[in-house]
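Observations on the model geometry
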Amino acid sequence: MDCRHIRFCAQRSAIDLYQLQELFNLAAFWARERKIEDLEIAINNSNPVVTVWDANRTIGFARATSDGIYRATIWDVVIHPDYRGLGLGRKLVETVLSHPLLNRVEKVYLMTTHQQSFYERIGFQENRTTTMVLHNFPSASPLPIPELWEADTVTV
């Protein structure tokens, strides 16, 4: 397939949430059934956010969060099945990594279930030292909101 017409975009305003939801439902078992409202929150709290386009069709997506110097995490990397094997996934990850908020970061993390060899070819390595996760279920009884989040300062 000739990919010269494929474009990468780092503008949140270009994201079509409905197309993104459709892409996740089709190509990302770990992101199926995500709600539009939740996708919007995740995107608004991520930087960079990169989409891949074939004309007006979203065919790829990735996002990251970072402190800009010590740590970053890449999330939700997905390429439409019809476009896999063309180097677009690699270019997508490399585009995210080249962003100013990530290109100087000491450690960049990502989670993957079945694609370890893909990420190893880009330079990622298995990391056995970071093995903890908190499964925080907001629908269960939420934690009380500390006064700190309701005011600029808290007196102890």
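For the structure, check the block above.
Let me begin by describing the structure that accompanies this report. (Residues numbered from 1 in each chain as written. Predicted model: local features only at pLDDT ≥ 70, side-chain atom pairs only at ≥ 80, totals over all residues. Heavy atoms only, no water.)

The next subject is the sheet that holds strand E5 (residues 107-110). Sheet architecture is open: five strands sit in the order E1-E2-E3-E4-E5, paired in mixed fashion. In this open sheet, the two strands that pair with only one neighbour each are strand E1 (7-9) and E5. The mean angle between the axes of side-by-side strands here comes to 20°, regardless of whether they run parallel or antiparallel. Pairing analysis gives six bridges linking strand E2 (residues 49-54) to strand E3 (residues 57-66), with the strands arranged antiparallel. Along E3, the bridge assignment pairs aspartate 54 with arginine 57. The sheet strands contacting helix H1 (residues 17-27) are E2, E3 and strand E4 (71-79), and the helix crosses E3 at an angle near 90°. (Pairing = 2+ DSSP bridges. Helix = DSSP H or I, 4+ residues; strand = E, 2+ residues; numbered from the N terminus. Axes fitted to C-alpha atoms, helices over the stretch in contact; angles between N-to-C directions. Contact = heavy atoms within 4.5 Å.)

Moving on to the side chain of aspartate 54. Positionally, aspartate 54 belongs in strand E2. Notably, aspartate 54 is buried but unbridged: the nearest opposite-charge side chain belongs to arginine 57, and the N-O separation is 5.6 Å. Non-local contacts of aspartate 54, meaning those with residues more than four positions away in its chain, are made with His5, Ile6, Ile59 and Tyr83. (Buried < 20%, exposed > 50% of the residue type's maximum accessible area, 1.4 Å probe, protein only. Lys, Arg positive; Asp, Glu negative; His and termini not counted. Salt bridge = Lys/Arg side-chain N within 4 Å of Asp/Glu carboxyl O.)

Looking now at the pattern of salt bridges. Tallied over the full model, the rule gives four salt bridges. The salt bridge partner of glutamate 106 is arginine 71, with a shortest N-O separation of 2.8 Å. With glutamate 106 in the loop between helix H3 (88-98) and E5 and arginine 71 in strand E4, this pair connects stretches of sequence that are 35 residues apart. A residue is classified by how much of its surface remains accessible, and glutamate 106, at 52% relative accessible area, is exposed. With a shortest N-O distance of 2.9 Å, glutamate 94 and arginine 90 are connected by a salt bridge. Taken together, the residues glutamate 94 and arginine 90, both in helix H3 and four residues apart, mark about one turn of the helix.

Turning to helix H2 (residues 36-44), a few remarks are in order. Within H2 the residues assigned to the buried category are Ile36, Leu39 and Ile43. All buried residues of H2 lie within an arc of 60° about the axis, which places them on one face of the element. Seen from the open side of H2, the exposed residues pointing more than 90 degrees away from its buried face are Glu37 and Ile41. (Arc of directions from axis to C-beta.)

The next subject is the pairing of E5. Across four bridges, E4 lies against E5 in parallel orientation. When the bridges of E5 are listed, threonine 73 appears paired with tyrosine 109. The handedness of the E4 to E5 crossover, carried by H3, is right-handed. (Right-handed = clockwise from strand over helix to strand, strands pointing away.)

Following asparagine 47, the chain continues into proline 48 via a peptide bond in cis, with omega recorded as 5°. Tracing the backbone shows proline 48 in the loop between H2 and E2. The backbone of glutamate 33 shows a phi angle near 70°, a positive value even though the residue is not glycine. For glutamate 33, a relative accessible area of 66% translates into the label exposed. Positive phi, close to 55°, is recorded for aspartate 76, a residue that is not glycine. Checked against the element boundaries, aspartate 76 lands in strand E4.

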